[in-house]
Amino acid sequence: MADDNFEKTKSPSSSESSPSDQMQTSEFTPHETDPALLESYRYIANMPGKNVRGKLIDCFQLWLNVDSESVLTEIKEIISDLHNASLMIDDIEDNSKLRRGVPVAHSIFGVAPVINTANYMFFLGLERCHALNNPKAMRVFVLEILNLHRGQGHDIMVCIIILTCFSLHIRYICASI
């Protein structure tokens, strides 16, 4: 079944298109963001923060000298969006109650919607990075998303090990009383 969002191109030398020709895209229907799905993201994004990442980018700009101010702004916004989305997931995984002194997003919007919104934000960030049309930016984006999730996975593993050891220790103490 053909995807309505994907238009196949045909090779001018043949009446049928080859698989490699079909992989070439000529047009995609643009993605339309659903604002209703972003409520929990807007909630966390509107919390007051220090904007450390934005300030670091401004410092690095002295050496990197990105030519376009609009590209630099887009990079800052992508990084901020990814950071906030990762905080939403982190709060769920850590069973946090507060973020920046206010109730965490999942305590207001629910766990499943917040997970979905955070993941949606990761992919919106990917889409925005892709729109920069810079292969190096895409490579950095993919590597850092992988690093983010690997690091969070290690954090979870350490917490499980600590809790397991603590639980075994408590059982040992209780059994010896």
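Residues numbered from 1 in each chain as written. Predicted model: local features only at pLDDT ≥ 70, side-chain atom pairs only at ≥ 80, totals over all residues. Heavy atoms only, no water.

Structural notes on helix α3 (residues 52-64)
For α3, spanning 13 residues, the distance from its first C-alpha to its last is 18 Å, which sits close to the expected 18 Å at 1.5 Å a residue. Of all the residues in α3, the buried ones are G54, I57 and Q61. Relative to the axis of α3, the buried residues are bounded by an arc of 55° and lie together on one face. Residues of α3 that are exposed and point more than 90 degrees away from the buried face comprise K55, L62 and W63. (Helix = DSSP H or I, 4+ residues; strand = E, 2+ residues; numbered from the N terminus. Expected span 1.5 Å × (residues − 1). Buried < 20%, exposed > 50% of the residue type's maximum accessible area, 1.4 Å probe, protein only. Arc of directions from axis to C-beta.)

Some remarks on the packing of aromatic side chains
The description of two aromatic rings rests on the distance between their centres and on the angle between their planes. Applying the stated criterion across every chain, the model contains two aromatic pairs. A ring pair is formed by Y43 and F109, whose centres lie 5.7 Å apart and whose planes are at 65°; its orientation type is edge-to-face. Placement of the pair is Y43 in helix α2 (residues 39-45) and F109 in helix α5 (residues 105-109), with a sequence separation of 66 residues. Overall, the relative accessible area of 29% leaves F109 in the partly exposed class. Aromatic pair F60 and W63: ring centres 6.3 Å apart, planes at 45°, arrangement tilted. One end of the pair, F60, and the other, W63, are both in helix α3, three residues apart, so they sit about a helical turn from each other. Accessibility expressed as a relative area gives 42% for F60, which makes it partly exposed. Assessed through its relative accessible area of 68%, W63 is described here as exposed. (Phe/Tyr/Trp six-rings, centres within 6.5 Å; stacked < 30°, edge-to-face > 60°.)

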